[in-house]
Amino acid sequence: MRVVFMGTPEFARPVLAEILNQGHEVVAVYTRPPAPAGRGMALAPSPVHKLAEGFGIPVFTPKSFRDEETIATFAGLGADVAVVVAYGLILPKAALEAPAEGCLNLHASLLPRWRGAAPIQRAIMAGDTKTGVMVMRMEEGLDTGPVALADSIEIEPDMTAGELHDRLSLLGADLMARALGALSRGTLTFTAQSEEGVTYARKIDKAEARIDWSRPAQEIHNHICGLSPFPGAWFEADWGQGPQRVKVLHAQLADGYGVAGTLLDDELTVACGSGAIRLVQVQRAGKTPMGAAEFLKGAPLVQGTRLA
């Protein structure tokens, strides 16, 4: 099929790669403009931008889809279908209707649960045990379109958002390839989403990343997993140099109880509002991630220490 691909982050890159691998003609790629990155804050193209350039595909980076010229250029590509994966820009009705078969979106949840910006993180933070990916036809509403195909996976007990992201990205690439294959044969059908069970995955706010040790251990565990590796759940501790911020990247539920936020041993087991949690991998500001034992060599936090 004649495809326009619209996506930006790493999550979208395997989907574009699989569409190309299936032999579809990707006539153009739309992605967000290069953004400052790294210590030097030099402008860097998105992962999708880099892949498209490697295949010699024309790349468009409009700042919005609000002006008539951008929409006219998009419509002039004569695409059979547009595939949208974490693009990052709102498409108006005129753009959604420009391709002959409309716009197909890959969404990383089992709709209508977790419509919105951060479905992977919110699923883990909420303690969901299952999630998945869906291909839907885009409408003007937020992730409200009818669904064509879906695939699901279990969320393992200690799985982080980063790990789930990678698995769903590959699962989604296969699902979208199947959807395009069915669309080209005229056999792709759509079913309206249920009006029950709708939830919204609001964008992650860095202000919510601080760990609240008064919460139950299971909730804190889910909070840590859902925010790993970015932005990273964090706490503060003082080992003689004033309060230091520490991110927690991996944690496990543990036995024990005590005053919330208190270390129960010399191995980073922390009492929660109910139960306890063991911090497995942490990261100090400006340092690389490290295991608990290595961290404690430079930050001698002993049993009884209160974490904030």
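Scroll up a little and you will see the structure.
Presented here is an overview of the structure given in this document. Throughout, residues of each chain are indexed from 1 in the direction in which the sequence is written. Only residues with pLDDT of 70 or above have their local features reported here, since the model is predicted, and side-chain atom pairs are shown and tallied only from 80 upward, although totals for entire chains, interfaces and linings are computed over all residues. Where side-chain values are given, they derive from all heavy atoms of the structure, hydrogens and water being excluded.

Bringing the sheet that holds strand β5 (residues 59–60) into the picture now. What the 7 strands build is an open sheet, ordered β5-β2-β1-β6-β7-β9-β10; its pairing is mixed. Where the open sheet ends on each side, the last strands, each with one partner, are β5 and β10 (147–154). One requirement defines pairing of two strands: DSSP has to find at least two bridges between them. Secondary structure elements are taken from DSSP: a helix is a run of H or I of four residues or more, a strand is a run of E of two residues or more, and numbering for both begins at the N terminus. Looking at chain direction, strand β1 (residues 2–7) and strand β2 (residues 25–30) are connected through 5 bridges and run parallel. Counted as the bridge partner of Phe5 is Val29 from β2. Helix α6 (residues 161–185) rests against β1, β6 (81–85), β7 (103–107), β9 (130–137) and β10 of the sheet, and its axis sits at about 150° to β10. In this description, contact between two residues means that some pair of their heavy atoms is separated by no more than 4.5 Å. Axis angles are defined between N-to-C directions and span 0 to 180 degrees, where every axis is a line fitted to C-alpha atoms and, for a helix, only to the segment in contact.

Residues grouped as a nonpolar core are buried Ala, Val, Leu, Ile, Met, Phe, Trp, Tyr and Cys residues, joined through side-chain atoms within 4.5 Å. Only protein chains enter the calculation, and the probe is 1.4 Å; a residue is then buried if its accessible area is under 20% of its type maximum, exposed if over 50%, and partly exposed in between. In this structure, Phe5, Leu106, Leu168 and Met176 are the most contacted members of the largest nonpolar core, which totals 44 residues. Top contributing element to this core by residue count: α6, with 11 residues. Look past the residues within four positions of Phe5 in its chain and what remains in contact with it is Ala12, Val15, Leu16, Ile19, Val26, Ala28, Val29, Tyr30, Val48, Val83 and Val85. One finds Ala118, Ile204, Leu268 and Phe295 within the second-largest nonpolar core, a separate group that totals 32 residues.

Mapped onto the fold, His24 is located in the loop between α1 (13–21) and β2. In protein, a polar contact means a hydrogen-donor-capable atom and an acceptor-capable atom, both N or O and within 3.5 Å, with residues adjacent in sequence counting only if both atoms are side-chain atoms; elsewhere, any N or O pair within 3.5 Å suffices. A polar contact of 2.9 Å, which involves the side chain of His24, links it to the backbone nitrogen of Met1. Those residues in contact with His24, other than ones at most four positions away along the chain, are Met1, Val3, Ile19 and Leu180.

In this section: the pairing of β2. By the criterion of burial, β2 is predominantly enclosed, with 5 of the 6 residues buried. Viewed along the sheet, the connection from β1 through α1 into β2 turns out right-handed. For β2 and β5, the ladder comprises 2 bridges, and the chain directions are parallel. Looking at β5, one finds that Val29 is bridged to Val59. Place the viewer so that the strands point away; then a crossover is right-handed whenever the path from the first strand over the helix to the second strand goes clockwise.

Time to look at the side chain of His221. If you trace the backbone, His221 turns up in helix α7 (residues 217–226). Its relative accessible area of 2% is what places His221 among the buried residues. When sequence neighbours within four positions are dropped, the list of residues in contact with His221 reads Pro157, Asp158, Ala251, Gln252, Leu253 and Ile277.

This part takes up the packing of aromatic side chains. Pairing of aromatic side chains here covers Phe, Tyr and the six-membered ring of Trp, requires ring centres within 6.5 Å, and sorts the geometry by plane angle: under 30 degrees stacked, over 60 edge-to-face, intermediate tilted. Summed over the entire model, instances satisfying the criterion amount to 7 aromatic pairs. Summarising the aromatic geometry, the rings of Tyr30 and Phe74 are spaced 5.5 Å apart at their centres and angled 90° between planes, so their arrangement reads as edge-to-face. With a gap of 44 residues between them, Tyr30 in strand β2 and Phe74 in helix α3 (residues 68–75) connect regions that are remote in the sequence. Classification of Tyr30 as buried rests on a relative accessible area of 1%. By the ring-pair criterion, three or more aromatic residues cluster together here, those being Tyr30, Phe60, Phe65, Phe74 and Tyr87. Each ring is checked for a lysine NZ or an arginine CZ that lies within 6 Å of its centre and within 35 degrees of its normal; such an atom marks a charge sitting over the ring. Sitting over the face of the ring of Phe190, Arg137 holds its NZ or CZ atom 4.0 Å from the ring centroid. The residue whose ring lies beneath Arg245 is Trp234, and the NZ or CZ to ring-centre distance is 3.6 Å.

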